[in-house]
Amino acid sequence: PGDTIAVIGASGNVGKLVSLRLSDTYNVNGIVRDASSVEAFFDGRDQIKLFEADLLDELKADSTGGCPDSLRSALSNANAIVICTGTTAFPTKAWSRNEEKEVTSDVISALIDSKFDVKDAITKLDDKGLNTPKNVDDLANQLIFSAWNSASKVQKKRAILLSSIGVQRRDAMPFPILNACGVLDAKASAEQSLINESEQNGYNYSIIRPGQLFGGPYDNNYYLGTLFQLDKDAQTQDVEVGPGDELLGDTLRSTLAEVTAQICESDCALNMDFAVVNVKGDVPSAEGVQMKLKALDE
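Residues numbered from 1 in each chain as written. Predicted model: local features only at pLDDT ≥ 70, side-chain atom pairs only at ≥ 80, totals over all residues. Heavy atoms only, no water.

**Student:** Could you clarify how one ought to interpret a nonpolar patch on the surface in this entry?
**Tutor:** A contiguous nonpolar surface patch, about 380 Å² in accessible area, is contributed by Phe 90, Met 173, Ile 177 and Leu 178. Mapped onto the fold, Ile 177 is located in helix α7 (residues 175–178). (Patch = residues over 30% accessible without salt bridge, like charges linked within 9 Å, V, L, I, M, F, W, Y side chains within 5 Å. Areas by Shrake-Rupley, 256 points an atom, 1.4 Å probe, with all protein chains shown as cover. Salt bridge = Lys/Arg side-chain N within 4 Å of Asp/Glu carboxyl O. Helix = DSSP H or I, 4+ residues; strand = E, 2+ residues; numbered from the N terminus.)

Next comes the structure, spelled out in structure tokens:
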């Protein structure tokens, strides 16, 4: 209470819920590309302030390793950061710069230019500045870590990265399929960058690995879970957490938001990575979730 948490990607499906839930306890600086797209969602939540920044634009412009002006106000008073950004595992509209344009022609052109070498084609799309896994899930996150270190004027306590199950199992089926365009490789790189940065700069980290995300809000329909609006049924709302990357399953966005807020409020799951999925059972109480998360430290 009293602390400020910067949520990167606060206008996304997960970021909205994370920001909303965190604002129950903390002041929230939401970093978004377009504040007007999410202002109505946060109406009445005075604890949430929105700041506009385009991380990929800043990636192109940044050469100093400092903090871009667009991020400074949001990060300077942040005691913690939560990174909710991400892109799709395969080329979709989400890979376009405005997430509304088809990228089929870009993909075909890259494949032809690379003589249908998929890895080389993905590299060409990276270099073109699209919202690829390398750019969004890796390089943009490294930019955030560096910017926070540069801008901070308060005690930096914790950084939380929302990652994915399968990062440590990239060679085990079915994860090589999911990683065909490098999304798990990019997340793995970001995870290691966070661990290194936390050790070097004296703050705690937590890496949360959800499964395939489901549940509302449904504003972004480029993701599989929202494309079909597949809310988990009423019998699959219990929560399972486990250290490392061993669980399999799907994760409600509302569960992910609750878990993120709980580890902040309970100051648990420090300097570790863990997975969270929904399983058969009723919605657990807040106290029940808290007990499971605290058990991770044992």
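**Student:** Help me out: how do you make sense of empty space enclosed by the protein in this one?
**Tutor:** Summary: where empty space remains is shown by rolling a probe the size of a single water molecule over the atoms. For the coordinates displayed, the defined rule picks out 1 cavity of 30 Å³ or more. Roughly 50 Å³ of internal volume is contained in the largest cavity. What lines the largest cavity is simply Ile 83, Thr 85, Asp 137, Asn 141, Leu 161, Leu 162, Ser 163, Lys 187 and Ala 190. If you list the elements that add at least two residues to the lining of the largest cavity, you get α6 (133–151), β5 (158–162) and α8 (183–201). Residue composition of the lining of the largest cavity, grouped by class: 4 nonpolar, 3 polar and 2 charged. (1 Å grid on protein atoms, 1.4 Å probe; cavity = no way out; pocket = protein on both sides within 12 Å on 5 of 7 lines; lining within 4 Å. Points joined across faces, edges and corners; volume = space filled by probe spheres on them. Nonpolar A, V, L, I, M, F, W, Y, C, P; charged D, E, K, R; others polar.)

**Student:** How should the packing of helix α4 (residues 104–113) against helix α5 (residues 118–127) be read in this particular structure?
**Tutor:** Working note: a packed helix pair is described by the angle between its axes plus the distance between those axes. Their axes nearest at 8 Å, the elements α4 and α5 cross at an angle of 125°. If you check the angle between α4 and α5, you find them oblique. Where α4 crosses over α5, the two elements pack in a sense that is right-handed. Contacts from Asp 106, Val 107, Ala 110, Leu 111 and Asp 113 in α4 reach Val 118, Ala 121, Lys 124 and Leu 125 in α5. Considered class by class, the residues forming the contact of α4 with α5 number 6 nonpolar, no polar and 3 charged. (Axes fitted to C-alpha atoms, helices over the stretch in contact; angles between N-to-C directions. Parallel < 35°, antiparallel > 145°, perpendicular 65-115°, else oblique. Left-handed = near helix turned anticlockwise from the far one by under 90°. Contact = heavy atoms within 4.5 Å.)

**Student:** Can you walk me through the packing of aromatic side chains in this structure?
**Tutor:** Geometrically, a pair of aromatic rings is defined through the distance of the ring centres and the angle of the planes. Going through the model one piece at a time under the given rule, you end up with 2 aromatic pairs. Ring geometry for Phe 41 versus Phe 42: centroids 5.4 Å apart, planes at 80°, classification edge-to-face. Overall, the relative accessible area of 31% leaves Phe 41 in the partly exposed class. Judged by centre distance (4.8 Å) and plane angle (55°), the ring pair of Trp 148 and Tyr 203 falls under tilted. Pair noted here: Trp 148 is in helix α6 and Tyr 203 is in the loop between α8 and β6 (204–210), with a separation of 55 residues, a long-range link. As far as burial versus exposure is concerned, Trp 148 and Tyr 203 are alike and both buried. Over the face of the ring belonging to Phe 41 we find Lys 16, whose NZ or CZ atom lies 5.1 Å from the ring centre. (Phe/Tyr/Trp six-rings, centres within 6.5 Å; stacked < 30°, edge-to-face > 60°. Buried < 20%, exposed > 50% of the residue type's maximum accessible area, 1.4 Å probe, protein only. Lys NZ or Arg CZ within 6 Å of the ring centre and 35° of its normal.)

**Student:** What should I look at first to understand the confidence of the model for the chain in this one?
**Tutor:** Interpretation of the predicted coordinates at a detailed level should be avoided for regions scoring low in pLDDT. Residue-level pLDDT values for the chain average 91, and 93% of them are 70 or greater. Scored below 50 in pLDDT, residues 223–229 shows 19 contacts in the model against residues more than four places distant or in partner chains. (pLDDT = per-residue confidence, 0-100.)

**Student:** How do you make sense of the packing of α6 against α8 when you look at a structure like this?
**Tutor:** One way to put it is that α6 packs onto α8 with a least axis distance of 7 Å and a crossing angle of 10°. Considered as vectors, α6 and α8 are oriented roughly parallel to each other. On the side of α6, the interface is formed by Pro 133, Lys 134, Asp 137, Asp 138, Asn 141, Gln 142, Phe 145 and Asn 149, while α8 contributes Val 183, Ala 186, Lys 187, Ser 189, Ala 190, Ser 193, Leu 194, Glu 197 and Asn 201. Each residue belonging to the contact of α6 with α8 can be placed in one class, and the counts come to 6 nonpolar, 6 polar and 5 charged.

**Student:** Can you walk me through the environment of Gly 216 in this structure?
**Tutor:** You can see Gly 216 is positioned in the loop between β7 (212–214) and α9 (224–227). Along the sequence, Gly 216 and Leu 252 sit 36 residues apart, while their C-alpha atoms lie 8.3 Å from each other.

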